[in-house]
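Chain by chain, the residues:
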Amino acid sequence: MRRTIYILVSTDHLADRLWFRDEEDFKVGMNYIAILAHSSPIQILAFILMSNHVHFVIAGAREDIELFITEFKRRYSSYYQHKYGAREFLRRNNVDFKEIEPVGEALERAIAYVLMNSVAANICSHSSLYPWGSGNVYFNITPRSGKPAREFSGSALLRLLHSKNSLPPDYLILEAGYVDPISYVPASFVERIFRTPARLNYFLSNSSKARTRLEEKAVPSFRDQNILSSAQDLCHSLFRKSGIQELSEVQLGELLRQLRYRFSADIGQLARVLEIPYKDAVRLLDVF
């Protein structure tokens with residue numbers, strides 16, 4: 001008999017590339033989660049998609065959870081390869097599976113840790129404001145704006161989901177073009193774990209991610225996607241090139257300097273966004 005456990009799933013942070021390069025990528029990732037959550041005997045209690053890594057808190061049998069993550073990576077990697085030509089994109093992106101003991105407050109802390117990733121990255125001031133995850137699902141009485149899947153034609157769903165898999169007819173598809181996590185995240189179960197909105201906020205504000213943000217006294221930062229879009233624009237305006245891959249080393253060094261000046265971005269973020277090794281970004285900034 002399979003034993004239901006709780007697992008915190010974390011992928012390695014990619015240092016020299018992005019999982020999600022634009023909003024369409026995030027939407028595809030969100031929809032793949034919805035498809036697989038429907039077809040898998042697991043429950044996704046919380047999750048978040050960040051630019052270069054993902055986190056989940058999942059309940060289920062360990063083998064089912066591992067299969068879910070493997071299939072999610074496979075599907076998204078196939079989409080990414082088709083769109084950007086990057087082969088075996090996530091093959092070496094390791095995944096950590098950490099079992100959470102359902103005693104004390106371990107489950108609350110794990111969920112808060114996941115939800116606070118966007119706040120720790122200074123992308124938003126509260127986890128409920130970040131769209132690419134489950135942060136706005138819990139204790140949320142705001143009406144959801146969208147249409148159920150049954151109101152979409154088969155061809156429309158195929159274009160939307162990038163998949164031939166079907167969805168339950170009552171799954172809500174938001175106007176932004178992805179399935180609302182409220183359709184498959186067991187919000188009421190998670191709310192019973194935290195008991196009150198105030199207690200959820202307590203764990204959010206006292207999570208390790210929140211403490212790191214306070215200790216570093218971080219200033220508001222720009223999302224990777226904003227910097228990438230600007231980098232592409234600068235390739236056109238400064239160098240008359242169609243993309244970053246066409247830049248000479250001198251031009252790439254100048255692009256790094258421009259981005260660091262305009263966005264106050266650290267070298268790690270610039271290396272990740274431009275998909276170059278960290279040591280090369282450091283060398284280019286030192287030289288130019």
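Bear in mind the structure is a predicted one, so any value in this text is a computation, not a measurement.

Asker: What is the right way to look at the packing of aromatic side chains in this model?
Answerer: Think of a pair of aromatic rings as described by two things: how far the centres are apart, and how the planes are tilted against each other in angle. Counted by the stated rule, this structure contains 17 aromatic pairs. A centroid spacing of 5.8 Å and a plane angle of 15 degrees characterise the contact between Trp19 and Tyr76, whose relative ring orientation is stacked. Placement of the pair is Trp19 in the loop between β1 (5–11) and α1 (23–39) and Tyr76 in helix α2 (residues 62–84), with a sequence separation of 57 residues. Exposure class is identical for Trp19 and Tyr76. Each is buried. Relative to Tyr80, the ring of Tyr76 has its centre 6.1 Å away and its plane inclined at 50 degrees; by these criteria the two rings are tilted.

Asker: Even after reading the chapter, I still don't get the nonpolar core, so can you show me in this structure?
Answerer: Soluble, globular proteins show a tendency: their nonpolar side chains are buried together. The biggest cluster of nonpolar side chains holds 75 residues, and the ones touching the most others in it are Leu49, Phe56, Val57 and Tyr76. Sort the elements by how many residues they give to this core and α1 lands first, with nine residues. With sequence-adjacent residues up to four places away left out, Tyr76 is seen in contact with Trp19, Phe20, Asp25, Val28, Gly29, Tyr32, Phe89 and Leu90. Judged by nonpolar contacts, the second largest core, of 24 residues, contains Leu234, Leu256, Ala265 and Leu274.

Asker: What should I look at first to understand unusual backbone geometry in this one?
Answerer: Across residues other than glycine, the phi torsion is negative in most instances, and most of the peptide bonds are trans. One non-glycine residue with positive phi stands out, namely His162, at about 55 degrees. Within the secondary structure layout, His162 lies in the loop between α5 (154–161) and β6 (172–174). For His162, a relative accessible area of 36% corresponds to the partly exposed category.

Asker: Can you walk me through the pattern of salt bridges in this structure?
Answerer: For the structure on display, the rule yields 13 salt bridges. Salt bridges linked by common partners bring Asp22, Asp25 and Lys83 together as one network.

Asker: Got a minute to help me understand helix α9 (residues 224–239) in this structure?
Answerer: Helical periodicity: at 3.6 residues per turn, an α-helix aligns residues three or four positions apart in one direction. Look at α9: 21 Å from first C-alpha to last across 16 residues, which is about the 22 Å you get at 1.5 Å a residue. Within α9, burial applies to Asp224, Gln225, Ile227, Leu228, Ser230, Ala231, Leu234, Cys235 and Phe239. Considering only its buried residues, α9 is in contact with α1, α10 (249–263) and α11 (267–274). Once α9 finishes, Arg240 follows within two positions and takes phi at roughly 55 degrees, a positive value.

Asker: Explain the sheet that holds strand β4 (residues 95–100) to me, please; I cannot follow it from the model alone.
Answerer: By way of backbone hydrogen bonds, the strands of a sheet pair with one another, either parallel or antiparallel. Read across the sheet, four strands follow the order β2-β3-β1-β4 without closing on themselves; strand pairing throughout is antiparallel. Of all the strands in the sheet, the pair left with one neighbour each is β2 (43–49) and β4. For this sheet, the mean inter-axis angle between neighbouring strands, taken without regard to orientation, is 15 degrees. Pairing between β2 and strand β3 (residues 54–60): six bridges, direction antiparallel. The residue of β3 that forms the bridge with Ile44 is Ile58. Of the strands in this sheet, β2 and β3 touch α1, which is tilted by about 170 degrees from β2. Contacts from helix α3 (residues 106–115) reach β1, β2, β3 and β4, with the element oriented near 30 degrees to β2.

Asker: For this particular structure, what's the right way to read the packing of α10 against α11?
Answerer: Between two packed helices, the angle of one axis relative to the other and the distance separating the axes together describe the packing. Two elements in contact, α10 and α11, have axes whose closest approach is 11 Å; the angle formed by their N-to-C orientations is 125 degrees. Considering the angle they form, α10 stands oblique to α11. As α10 runs across α11, the sense of the crossing is right-handed. The segment α10 lies against α11, with Leu252, Leu255, Leu256, Leu259 and Arg260 engaging Ile267, Leu270 and Leu274. Here the contact of α10 with α11 is built from residues that sort into seven nonpolar, no polar and one charged.

Asker: Just checking my understanding: could you explain the side chain of His55 for this structure?
Answerer: By secondary structure assignment, the location of His55 is in strand β3. The exposure class assigned to His55 is buried, which follows from its relative accessible area of 1%. A polar atom in the side chain of His55 sits 3.5 Å from the side chain of His53. Separated by 3.3 Å, the side chains of His55 and Asn117 make a polar contact.

What counts, and where the lines are drawn
- Residues numbered from 1 in each chain as written.
- Predicted model: local features only at pLDDT ≥ 70, side-chain atom pairs only at ≥ 80, totals over all residues.
- Heavy atoms only, no water.
- Phe/Tyr/Trp six-rings, centres within 6.5 Å; stacked < 30°, edge-to-face > 60°.
- Helix = DSSP H or I, 4+ residues; strand = E, 2+ residues; numbered from the N terminus.
- Buried < 20%, exposed > 50% of the residue type's maximum accessible area, 1.4 Å probe, protein only.
- Core = buried A, V, L, I, M, F, W, Y, C linked by side-chain atoms within 4.5 Å.
- Contact = heavy atoms within 4.5 Å.
- Salt bridge = Lys/Arg side-chain N within 4 Å of Asp/Glu carboxyl O.
- Expected span 1.5 Å × (residues − 1).
- Pairing = 2+ DSSP bridges.
- Axes fitted to C-alpha atoms, helices over the stretch in contact; angles between N-to-C directions.
- Parallel < 35°, antiparallel > 145°, perpendicular 65-115°, else oblique.
- Left-handed = near helix turned anticlockwise from the far one by under 90°.
- Nonpolar A, V, L, I, M, F, W, Y, C, P; charged D, E, K, R; others polar.
- Polar contact = N/O pair within 3.5 Å; in protein donor to acceptor, adjacent residues only side chain to side chain.

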